[in-house]
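Listed below are the residues making up each chain.
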Amino acid sequence: MSASDEVRTATDYVAHGHPRRALSAAWRAADTSLREGDAEALRAIMAICEVLRENPNKRIASDARQLSSYCQHTLDGAGGGVQSHAIIARISRMRQPKRVCPDCAEKVQQRAHVCKFCGFRFESLDDQSE
Ligand SMILES: [Zn+2]
């Protein structure tokens, strides 16, 4: 599902009085928005949170506050702009495969040229494989 579909799902749950489901759908939507860099969806999620944070259930209310500030930080990080490149870049970096340094056995980025732990240079290994 796209971020806007998930936002719609969350909105439907709010409208039909299922705050708990709305909240989990909203978290999913936030996750997708972040990946897609969809600032519009993030604002919509914050609007949903505005409703949910008034919920008598303290757990739901505090969860909604948390989600709202998460969205706010993401939007702030993007300078209020359309996409949050920094965050998306950080996520994609985390997903990159790691390789083990043959010298010190620490995990380093797949594309690293130099081991950040011991200074081992990987270039010689790369040259051999080409
Ligand atoms: Zn190393």
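Residues numbered from 1 in each chain as written. Predicted model: local features only at pLDDT ≥ 70, side-chain atom pairs only at ≥ 80, totals over all residues.

Overview of the overall build of the protein
And then number 1: Of the regular secondary structure elements, the protein holds 6 helices and 2 strands.
And then number 2: Ordered by position from N to C terminus, the α and β elements of the protein give α-α-α-α-α-β-β-α.
And then number 3: The buried share of the protein, reckoned over its 130 residues, is 24%. (Helix = DSSP H or I, 4+ residues; strand = E, 2+ residues; numbered from the N terminus. Buried ≥ 20, exposed ≤ 12 C-beta atoms within 10 Å, placed from the backbone.)

Some remarks on the confidence of the model for the protein
And then number 1: Residue-level pLDDT values for the protein average 83, and 80% of them are 70 or greater.
And then number 2: At the low end of the mean pLDDT range in the protein sits helix α6 (residues 123–129), at 55; at the high end sits helix α1 (residues 3–15), at 93. (pLDDT = per-residue confidence, 0-100.)

Remarks on the packing of α1 against helix α3 (residues 39–52)
And then number 1: Relative orientation of the contacting elements α1 and α3 amounts to 15°, with a least axis distance of 10 Å. Of the possible angle classes, the one that applies to α1 and α3 is roughly parallel. In terms of crossing hand, the pair formed by α1 and α3 is left-handed. Side by side, α1 and α3 meet where Ala3, Ser4, Val7, Ala10, Thr11 and Val14 of the first sit next to Ala41, Ala44, Ile45, Ile48, Val51 and Leu52 of the second.
And then number 2: Partitioned by chemical class, the residues of the contact of α1 with α3 number 10 nonpolar, 2 polar and no charged. (Axes fitted to C-alpha atoms, helices over the stretch in contact; angles between N-to-C directions. Parallel < 35°, antiparallel > 145°, perpendicular 65-115°, else oblique. Left-handed = near helix turned anticlockwise from the far one by under 90°. Contact = placed C-beta atoms within 7 Å. Nonpolar A, V, L, I, M, F, W, Y, C, P; charged D, E, K, R; others polar.)

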